[in-house]
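# Examining the three-dimensional arrangement
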Amino acid sequence: ASKFIAYANQLNLTKAYLRLGEKNPNTPPLWFAGGVHDKKYFEKVQNFVNNNGLKERVKFLGLVPQDRLFELMRQTQAFVFPSTLEACPHTPIEAMSCGAPIAASNTPPMPEICKDAAIYFNPSSPDDIARVMGQLLTDDKKRGELSEKGPVRAQFFDWDKTAKALMDIFML
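Summarised in this report is the structure supplied together with it.

### Describing the packing of aromatic side chains
For the coordinates displayed, the defined rule picks out seven aromatic pairs. For the pair Phe-42 and Phe-60, a centre-to-centre distance of 5.4 Å together with 80° between the ring planes defines the contact as edge-to-face. Of this pair, Phe-42 sits in helix H2 (residues 39–51) while Phe-60 sits in strand E2 (residues 58–62), placing them 18 residues apart in sequence. The partly exposed category is assigned to Phe-60, whose relative accessible area is 26%. Site record: aromatic cluster; members linked through ring pairs are Phe-4, Phe-32, Phe-42 and Phe-60. The ring of Trp-31 is capped by Lys-59, whose NZ or CZ atom sits 5.1 Å from the centre of that ring. Taking the ring centre of Phe-156 as reference, the NZ or CZ of Arg-153 above it sits at 4.7 Å.

### With respect to the packing of helix H1 (residues 10–23) against H2
For the pair H1 and H2, the least separation of the axes is 9 Å and the interaxial angle reads 10°. In terms of their interaxial angle, H1 and H2 are classed as roughly parallel. Contacts between H1 and H2 involve Gln-10, Leu-11, Thr-14, Lys-15 and Leu-18 from the former and Tyr-41, Lys-44, Val-45, Phe-48 and Val-49 from the latter. Across the contact of H1 with H2, the residue classes break down as six nonpolar, two polar and two charged.

Cut-offs and rules
Residues numbered from 1 in each chain as written. Predicted model: local features only at pLDDT ≥ 70, side-chain atom pairs only at ≥ 80, totals over all residues. Heavy atoms only, no water. Phe/Tyr/Trp six-rings, centres within 6.5 Å; stacked < 30°, edge-to-face > 60°. Helix = DSSP H or I, 4+ residues; strand = E, 2+ residues; numbered from the N terminus. Buried < 20%, exposed > 50% of the residue type's maximum accessible area, 1.4 Å probe, protein only. Lys NZ or Arg CZ within 6 Å of the ring centre and 35° of its normal. Axes fitted to C-alpha atoms, helices over the stretch in contact; angles between N-to-C directions. Parallel < 35°, antiparallel > 145°, perpendicular 65-115°, else oblique. Contact = heavy atoms within 4.5 Å. Nonpolar A, V, L, I, M, F, W, Y, C, P; charged D, E, K, R; others polar.

Here's what the structure looks like:
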């Protein structure tokens, strides 16, 4: 779940998915949820999908209502977040709260946000993205660990707790 814009890095994710599928034809389908913020970039990703025979394996869901998005996150085998630029990435926090096993970019702040509730890859390397995705999809134990750690880590990002901490600072 991410808007289509170059820094969200869906193109490298799609390239990684192609490589992963070449090694393992049973790779589950890749679904993208999110709006189009950069039409040219979105078309670039679509063209890659179409030109590499992925049209039947890659699905563009567009904007998805929040309740449906959470349902998808709870049911996914793997949630992959390849972004190269975020201030505070809400989407991985939401995915963690749903217990989705996460593979994320090693670009800050993703490691600081997800800590040990995700495994990480170099977002500039489709090969590394494919390697980590493959690890996540084939390692049931690791997926289970991440699914358990995610909701615990997501509790750290609580609006009430944040508001109270701010109030405590102002009351000093």
